Every structure is written in C-alpha cells, then in structure tokens.
Amino acid sequence: MFRVYVTFNTGDRHLDTEWCDDKKLIQSLYRLIHGPVARLNIINEIRVVDQGDHTVFLSQQGKQIFPPIPQQVTNRVQNQ
C-alpha cells in the first residue's frame, strides 16, 4: 500500500492518493507525470511512501531522484 504526496511550486503539499495498491499507484504517477498538471509545470516534487513511511519513489522538478536511474553502460571494443 502506498501514498502519493505532491508538493507544488508554491510550497503547498497535497496528499494526492490515499493508501492504494500498485496498480492505482502507477495510474496516479502517470497522471501526475504526463497529465494536464504536469504540462502546467507547477509540480515541484512527487513523493511515494509505503506503509513503513519509507520513500519508494521521488521526483523533483521533473527528474527522477529515487530510485536512481542506472547510467547506461556502453560496451565498446577498444581498437588496439
């Protein structure tokens, strides 16, 4: 079960989604990241917490902070 909190550019914090399952969580994140409010560019932070009050997702100013996105590894063969 998860909660989704949104912090706006004004500093106001809003509980967007009360305790929900993973399916509802994905729907909420999609709406917040790609929906009309996202296009207005007024969301400063999206934070998802679990029942243990652990942050399981964090996005700030449109960039995913946690969990970190792994850097893409390139497998280049060096010319010798």
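Residues numbered from 1 in each chain as written. Predicted model: local features only at pLDDT ≥ 70, side-chain atom pairs only at ≥ 80, totals over all residues. Heavy atoms only, no water.

Quick notes on the sheet that holds strand β5 (residues 63-66)
Here is step 1 of the chain: One open sheet accounts for five strands, arranged β2-β1-β3-β4-β5; its pairing is antiparallel. Of all the strands in the sheet, the pair left with one neighbour each is β2 (13-20) and β5. Direction aside, the axes of adjacent strands within the sheet are offset by 15° on average.
Here is step 2 of the chain: Strand direction decides the pairing type here: strand β1 (residues 2-8) and β2, joined by five bridges, are antiparallel. Bridge pairing in β2 links F2 to C20.
Here is step 3 of the chain: Packing against the sheet, helix α1 (residues 22-34) makes contact with β1, β2, β3 (43-50) and β4 (55-60), and its axis sits at approximately 155° to β2. (Pairing = 2+ DSSP bridges. Helix = DSSP H or I, 4+ residues; strand = E, 2+ residues; numbered from the N terminus. Axes fitted to C-alpha atoms, helices over the stretch in contact; angles between N-to-C directions. Contact = heavy atoms within 4.5 Å.)

Digging into a nonpolar patch on the surface
Here is step 1 of the chain: There is a patch of nonpolar side chains on the surface, built from V37, L40 and I42 and spanning about 240 Å² of accessible area.
Here is step 2 of the chain: Inspection of the secondary structure assignment puts L40 in helix α2 (residues 36-40). (Patch = residues over 30% accessible without salt bridge, like charges linked within 9 Å, V, L, I, M, F, W, Y side chains within 5 Å. Areas by Shrake-Rupley, 256 points an atom, 1.4 Å probe, with all protein chains shown as cover. Salt bridge = Lys/Arg side-chain N within 4 Å of Asp/Glu carboxyl O.)

Looking at the environment of I33
Here is step 1 of the chain: Secondary-structure assignment places I33 in helix α1.
Here is step 2 of the chain: Relative accessible area serves as the criterion here: at 38%, I33 is assigned to the partly exposed category.
Here is step 3 of the chain: Put simply, I33 and S59 are 26 residues apart on the chain and 9.3 Å apart in space, counted from C-alpha to C-alpha. (Buried < 20%, exposed > 50% of the residue type's maximum accessible area, 1.4 Å probe, protein only.)

Re the pattern of salt bridges
Between side chains of opposite charge, a pair can form as their charged atoms come close.
Here is step 1 of the chain: A complete count under the given rule lists three salt bridges for this structure.
Here is step 2 of the chain: Its salt-bridge partner being D16, residue R31 comes within 2.7 Å of it at the nearest N-O pair. One end of the pair, R31, is in helix α1; the other, D16, is in strand β2, with 15 residues separating them in the sequence.
Here is step 3 of the chain: Assessed through its relative accessible area of 39%, R31 is described here as partly exposed.
Here is step 4 of the chain: E45 is the salt-bridge partner of R47, the closest N and O atoms lying 3.3 Å from each other.

Some points on the packing of aromatic side chains
Here is step 1 of the chain: Within this structure, the stated rule accounts for zero aromatic pairs.
Here is step 2 of the chain: One Lys or Arg, R13, reaches over the ring of Y5 and ends 4.4 Å from the middle of that ring. (Phe/Tyr/Trp six-rings, centres within 6.5 Å; stacked < 30°, edge-to-face > 60°. Lys NZ or Arg CZ within 6 Å of the ring centre and 35° of its normal.)

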